[in-house]
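Examination of the molecular architecture
One letter stands for each residue in the lines below.
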Number of protein chains: 4
Amino acid sequence: MSGNSFGKLFTLTTFGESHGVAMGGVIDGCPAGLTVDVDFVQKELDRRKPGQSSIVTQRKESDTVEFLSGIFNGITTGTPIGFIIKNENQKEKDYEHIKDVYRPSHADYTYEAKYGIRDYRGGGRSSARETVSRVVGGAIAKLILKQHGITVNAYTSQVGEIKLLKDVHDLDLTKTETNAVRCPDELIAETMIHHIEQIKKTGDTIGGIISCVITGTPAGLGEPVFDKLHADLGKAMLSINAVKGFEFGSGFEGVKMKGSEHNDVFVESEERRTENGEVRTKTNHSGGIQGGISNGEDIYFRVAFKPVASIMQKQDTINNKGEAVEMHGKGRHDACVVPRAVPIVEAMAALVMVDFLLRSKTNKM
Amino acid sequence: MSGNSFGKLFTLTTFGESHGVAMGGVIDGCPAGLTVDVDFVQKELDRRKPGQSSIVTQRKESDTVEFLSGIFNGITTGTPIGFIIKNENQKEKDYEHIKDVYRPSHADYTYEAKYGIRDYRGGGRSSARETVSRVVGGAIAKLILKQHGITVNAYTSQVGEIKLLKDVHDLDLTKTETNAVRCPDELIAETMIHHIEQIKKTGDTIGGIISCVITGTPAGLGEPVFDKLHADLGKAMLSINAVKGFEFGSGFEGVKMKGSEHNDVFVESEERRTENGEVRTKTNHSGGIQGGISNGEDIYFRVAFKPVASIMQKQDTINNKGEAVEMHGKGRHDACVVPRAVPIVEAMAALVMVDFLLRSKTNKM
Amino acid sequence: MSGNSFGKLFTLTTFGESHGVAMGGVIDGCPAGLTVDVDFVQKELDRRKPGQSSIVTQRKESDTVEFLSGIFNGITTGTPIGFIIKNENQKEKDYEHIKDVYRPSHADYTYEAKYGIRDYRGGGRSSARETVSRVVGGAIAKLILKQHGITVNAYTSQVGEIKLLKDVHDLDLTKTETNAVRCPDELIAETMIHHIEQIKKTGDTIGGIISCVITGTPAGLGEPVFDKLHADLGKAMLSINAVKGFEFGSGFEGVKMKGSEHNDVFVESEERRTENGEVRTKTNHSGGIQGGISNGEDIYFRVAFKPVASIMQKQDTINNKGEAVEMHGKGRHDACVVPRAVPIVEAMAALVMVDFLLRSKTNKM
Amino acid sequence: MSGNSFGKLFTLTTFGESHGVAMGGVIDGCPAGLTVDVDFVQKELDRRKPGQSSIVTQRKESDTVEFLSGIFNGITTGTPIGFIIKNENQKEKDYEHIKDVYRPSHADYTYEAKYGIRDYRGGGRSSARETVSRVVGGAIAKLILKQHGITVNAYTSQVGEIKLLKDVHDLDLTKTETNAVRCPDELIAETMIHHIEQIKKTGDTIGGIISCVITGTPAGLGEPVFDKLHADLGKAMLSINAVKGFEFGSGFEGVKMKGSEHNDVFVESEERRTENGEVRTKTNHSGGIQGGISNGEDIYFRVAFKPVASIMQKQDTINNKGEAVEMHGKGRHDACVVPRAVPIVEAMAALVMVDFLLRSKTNKM
């Protein structure tokens, strides 16, 4: 497996270039007997789709998933689920101008250094379009999690300098989808949208942060010492295009705390300890994970996205002969990747959670 | 592999509990023909060892590595390298008092929830003592990297609120090992040490940040889309005990930047492009990685550590019957984990780099 | 990876049911820079296709491969190669009669016992139709092997009691494709064909053996102690539908030999030892593999196939309520699977050889 | 994992050279809560030990297993089980005479071709001594299988030309351990022993076959299409030193049968179908596996072993300069490997069965 498979028991293998024939993937290890709500899968894809609002790219792609195997009469059979999403927007000529040029902070140069060849059309495999396959895999994973009472909700918590300061418990996450930037606080959402629009006018781009919370996780998920639950969540997030950082629980701020402040004290509970993790803690600086294993509290983490590299401004760079050239971005790009990345963060989190849910089934005799 | 193996081609599998017979591991996939400098391996272990200074735990463990296989006349043979580090400090009685108690922010409860049983002596498998095996694996990895001109250097860059603000290029990293806190700036180091000593006196603990820089990496390492170089570095770091966050390049601060500021412009170079990545960039917000593949610039990242959970203060908690109890920390613990974690960060980074170095050998026909 | 991926560095993941929308797969880890001869791939598929002669099934399927990714301007880019082969022959009604019945020596019962559900149309995932995806993967692998001077040739060496007794070195393997049964000895081929025709007339089926020889392998392929070259070849063959046995070199007959007869004596050579394995042995009872590693001699092995389970005769069996029922085979089936399995044996062997070729690249410093 | 790990969820990683410090391994993925009967593990090792009878090698090795981790108060904790078996018989001088010589049909040449270096003492890693670690892993696996009512029994069924013709159901397998050759038929056993003694007197060696039967397997184990139950059993057996072939169920003889004879007809049963695979078949040519998945019937297979390569006779060969030399075997070797390989076959079979038992836990929602 050369880098295009994710997960150990619930495995997603993906393929596809931005301007190739199709994107797609194979989900192997999906338990049999799951009813597949194809509408739900498609809706998840639609959340990621370009052209949903004024602040995202206006490219037109219908992004319709076609399932090819593994589902019989609407139910998973335990065999691999193959799927494709056809690419409709293949204009090879559009990309002649970047054929020999290394776009700054893109993967043009590194792919060529690695492979000696690259599909330069729209970034090829390095395009964020690759994430459509992740969203399909993640949607199937979410259907499994739903059966176990586990929910995964991500939202935009920062755009540039504009931060959502409220704690997740003070937010109404049902409002995340009500605005274009996917921030559950309407007032902050409006400011973020305005900010992105201003940035966009200048042909520039801006970064942001996505927060994610997972509820309903039973205690016991995670496989130390290397496959700690948060380590795989971190890898999952860092594998998404444009991500520069990951923190969970108290995160980077936690380093300033003392142990006496940071420790999550266990509290006595009427119900006592059960398999569902009813031991509770007073605080949750641990972010629902202790020693790499879920403790039943909410899991929460934050993911940092850099500003999109494709700017609509003139830039200096070099070509593949090492000569200085000047380039000017064109095409239809997002000024901020964060709003469309919300469903991708959720998809990757769902893949991790299902994988560890399955892995946990063999922990005890 | 149930969570105790790391790496795909250069694989470290570890075993061992804090108070069991021995810690140890198996390195599989080490290329044949490497001269093993056992003194160097032992020195790396010594860097991690307790009792090195007044600010770390005073436990006495000699931590001597014994190689059992895979090395013949001082040279690796390509067969698996088995090794052990015997535990000398096994006092079972010391731990009777925590047998039935869930220590706050430790892994007592989660291990028991997962496995239905736990080795409560010193935290068992969840103890940071587990990392001795990582340091041995990392030391072998460093010997390989040395042959390729790649260096890995970590250092303490923050303790509590005390930050080292200097950029890595303004630091003399040869000074990292000259002080107890492993901060290459002597003045800041002194302040950090003083701060840890003050915290320690109150029986409390404090968190910190370790920065790491990798130089000499050829362009082309990393296996997108899931096994991006920084994604595996992130997972490696997050798998270390007490880590709460990881960021590389511009990291979390980068979200505030505009694309026009953040993009790393390629610069014309006399030498032109070569296999060693002599295409250069003016800035390095990318942290040496673009699209998940190294570009030949320095790779740098930061790792956040929470305050140590073992405090020498009275704490409320519950026992395994769900009853409220009061506990008081005893034993010999670090007031700040960061100084001793520096060699662990380096070890894990070295393991990742060697794995990707080997994986890159099959990228082209 | 839950059983539908094969290979460690050169990985084929497949999906698809006999009567689903499409068969397909993903090849991950194919080195960049390989020119893909799509005609060759299609020809390999055509060798496996039904309806080629009177002795094989007369089902009509065009089995046209469509590549979806990983190839740009006819050359592999190092990114995953997705492909599909559409199913054209989907007649759901044809299979209503076996919906509730467990066909003897088919996988109906075991799939249902395992998954609680099965796609009963044409055997679903357990159909030998699944092997189309292996042939595509194997064809790409063969293109890589060709660049390294390695050839893989299989042929029918037994049908029922009719054996080809000649040693591989006394055969002209270019004649394998000249007859319907794929036996390079024309006289024996004719007898085999006649035998299969006779069997077919009675509505019965017959087993057979495929021999395979791999030439041009450099010394040094294979990864002991578990991933011995012949162990993975064996697994590859045993994973093909209807296979019941595998032997290499002297095989089962070798157990009767004495060590003094069986040992392959090394012989002095003018050219001396080189990287291409020019140390030679007088005999080759080892089948080109010693200690799980290729020694440069020809690798040869034999694969036993049971008679096809689908017979055109009345059979007693039970239904999924455990009741005795009588069934009568219908549809278009092979009376002997061996002729069409020859390209499948080659495909699986090629996949193994490329995987070990790539794995060997990191054996030495 | 570079070839020294076996299994996906229940993973055994081994290390050690014949004349290194120690053999050993790590079992990862063992469910928590298993009581480890260390006496049983040691007895399994003793079955494999040299010096048990006149027909096996007279080397003295105590082969005492030491568990280092993963077991607490006699019970597995779910953490990795590290273990070692110290080598006592390290006489380096004994091997000076083969330092530069390639022994015929040994792995001397291939290891050197692969790695450029070899530990020539006693065959190093390629020595069958490596299998001690497999026996330890297999013994733990057997303890798990026992809890599930699954038994694994192997026995010698052929030595040279001397065959045990009786079917497994006509044998009393409790007699296997009553004689030195491990054949459950006393009369045949005696003939085999006599034959081996005769061969030994001439300084020669002889091959043989081990049969194995697994009872009590529930229906549903095996992970098609690649990880078929018999495919992994085959790989497991072929990975044992000196093995040249594997067949299950009707095996190579089955190729001569017609489908109407070979098909295993399902029979009506009072108890009806249950999770324990109470659907039964009249015959069992399938060897308990259909479509790569167990059907609840007995699983049986046969493993072919070549004659031991170390003969006590003069042999021609070459040295590592390519020069013809003459060598004469010395040391203490088995004249027939089969008796001591019986526990190894069982160990590998047990590892496979536990792995698939664990893998099957996630097949259904």
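For the structure, check the block above.
Residues numbered from 1 in each chain as written. Chains lettered and ligands numbered in written order. Predicted model: local features only at pLDDT ≥ 70, side-chain atom pairs only at ≥ 80, totals over all residues. Heavy atoms only, no water.

1. Remarks on the overall build of chain A
The condition that has to hold: Counting from the N terminus, the helices are the DSSP runs of H or I reaching at least four residues and the strands are the DSSP runs of E reaching at least two. Each radius of gyration reported is based on C-alpha atoms, and the globular scaling rule is 2.2 Å times the count of residues to the power 0.38. The cut-offs for exposure are 20% and 50% of the maximum accessible area for each residue type, with area from a 1.4 Å probe on protein chains only; residues under the lower value are buried, those over the upper are exposed, and the others partly exposed. Residues count as neighbours in contact if any of their non-hydrogen atoms are within 4.5 Å of one another. Exposure was quantified through the Shrake-Rupley algorithm and a 1.4 Å probe, taking into account, for residues, occlusion by the shown protein chains and nothing else. A residue counts as positive if it is Lys or Arg and as negative if it is Asp or Glu; His and the chain ends are not included. Where a charge lies is defined by one atom per residue type: Lys uses NZ, Arg uses CZ, Asp uses CG and Glu uses CD.
The number of helices and strands found in chain A is seven helices and 19 strands. Relative to a compact globule of 365 residues, whose C-alpha radius of gyration would be 21 Å, chain A shows 21 Å and is just as compact. In terms of overall dimensions, chain A has a C-alpha envelope of 70 × 50 × 35 Å along the principal axes. Looking at chain A as a whole, 68% of its 365 residues qualify as buried. Considering only contacts in chain A between residues 6 or more positions apart, those separated by 24 or more positions represent 69%. Accessible area of chain A: about 11,800 Å², with a carbon and sulfur share of 48%. The averaged location of the 48 negative side-chain charges in chain A is 3 Å from the averaged location of its 45 positive side-chain charges.

2. Quick notes on the pairing of strand β18 (residues 314–319) of chain A
All names here are of chain A. Using the following cut-off: A strand pair is defined by DSSP finding two or more bridges across the two strands.
Of the pairings in the sheet, the one linking strand β8 (residues 101–102) to β18 comprises two bridges and is antiparallel in character. Considered in β18, the bridge of Tyr102 is made with Ile318. The sheet contact formed by β18 and strand β19 (residues 324–328) spans five bridges and is antiparallel. Paired with Gln315 across the bridge in β19 is Met327. Hairpin connection from β18 to β19: four residues lie between these consecutive antiparallel strands, with Gly322 at a positive phi of about 85 degrees.

3. Considerations on unusual backbone geometry
Residue and element names in this part refer to chain A. Residue Val225 is reached from Pro224 by a cis peptide bond, and omega for that bond is 10 degrees. Tracing the backbone shows Val225 in the loop between β11 (208–215) and α5 (229–238). With a phi close to 80 degrees, Ala242 is a non-glycine residue in the positive phi region. When you line up the elements, Ala242 lands in the loop between α5 and β12 (243–248).

4. Some remarks on the pattern of salt bridges
Oppositely charged side chains are able to pair whenever their charged atoms sit close together. How we decide: Within this document, salt bridges are pairs made up of a side-chain nitrogen of Lys or Arg and a carboxyl oxygen of Asp or Glu, the two lying within 4 Å of each other.
In this structure the tally under the stated criterion is 100 salt bridges over all chains. For the salt bridge of B:Lys314 with B:Glu326, the shortest nitrogen-to-oxygen distance reads 3.7 Å. Of the two residues, B:Lys314 sits in strand β18 (residues 314–319) while B:Glu326 sits in strand β19 (residues 324–328), which places them 12 residues apart along the sequence. The residues B:Lys314 and B:Glu326 share a single accessibility class, namely exposed. One connected set of salt bridges, linked through shared partners, spans A:Glu44, A:Arg47, A:Lys142, A:Glu177, A:Arg182 and A:Glu346.

5. Remarks on the state of the cysteines
All names here are of chain A. Condition: Criterion for a disulfide: a pair of cysteine sulfur atoms at a distance within 2.5 Å.
The final tally for this structure, using the stated rule, is zero disulfides over all chains. Residue Cys183 stays outside any disulfide, its sulfur separated by 12 Å from that of Cys336, the closest cysteine. Classification of Cys183 by relative accessible area gives buried; the value is 0%.

6. Structural notes on the environment of A:Phe301
Residues and elements named next belong to chain A. With respect to the helices and strands, the residue Phe301 is situated in strand β17 (residues 299–305). When its relative accessible area of 2% is taken as the criterion, Phe301 is described as buried. Sequence spacing of Phe301 and Ile188 is 113 residues, and the spatial spacing of their C-alpha atoms is 20 Å. If sequence neighbours within four positions are ignored, Phe301 has contacts with Ile210, Ser211, Cys212, Ile214, Leu233, Met237, Phe246, Glu247, Phe248, Val345 and Ala349.

7. Things to note about the relation of the copies chain B and chain A
How we decide: Superposition of the copies was done by least squares, using only C-alpha atoms of residues whose pLDDT is at least 70 in both.
The operation relating chain B to chain A is a screw motion whose rotation component is 180 degrees, with 0.0 Å of axial translation and a residual RMSD of 0.0 Å. In the structure described here, the two chain copies are related by an operation that fits a two-fold rotation axis. With an isologous cut-off of 70% or more, the 99% of interface residues of chain B that recur at the interface of chain A puts this contact in the isologous class.

8. Notes on the interface of chain D and chain C
Using the following cut-off: Simply put, the buried area is the total loss of 1.4 Å probe accessible area from both parts when two parts are fitted together. Any N or O atom pair separated by 3.5 Å or less is treated as a polar contact, with the protein-specific requirement of one donor-capable and one acceptor-capable atom, and with residues adjacent in sequence counted only for side-chain atom pairs. Three categories are distinguished: nonpolar for Ala, Val, Leu, Ile, Met, Phe, Trp, Tyr, Cys and Pro, charged for Asp, Glu, Lys and Arg, and polar for the others, with Gly belonging to the last.
With 115 residues of chain D in contact, the opposing surface of chain C contributes 116 residues. In this assembly, chain D packs against chain C so that about 8,800 Å² is buried in total across both faces, 57% of it on carbon and sulfur atoms. When the area that chain D buries against chain C is broken down by residue, the three leading residues are D:Lys114, D:Phe226 and D:Lys244, summing to 10%. Connecting chain D to chain C are six salt bridges. Of the charged contacts in the structure, one is a salt bridge between C:Lys235 and D:Asp227, with a shortest N-O distance of 2.7 Å. Inspection of the region where chain D meets chain C yields 49 residue pairs in polar contact (both at pLDDT 80 or more). A per-element tally of the side of chain D that touches chain C places helix α2 (residues 108–115) of chain D first, with seven residues. Of the residues in the side of chain D that touches chain C, the class split is 41 nonpolar, 44 polar and 30 charged.

Shape is all these values report; function is a separate question.
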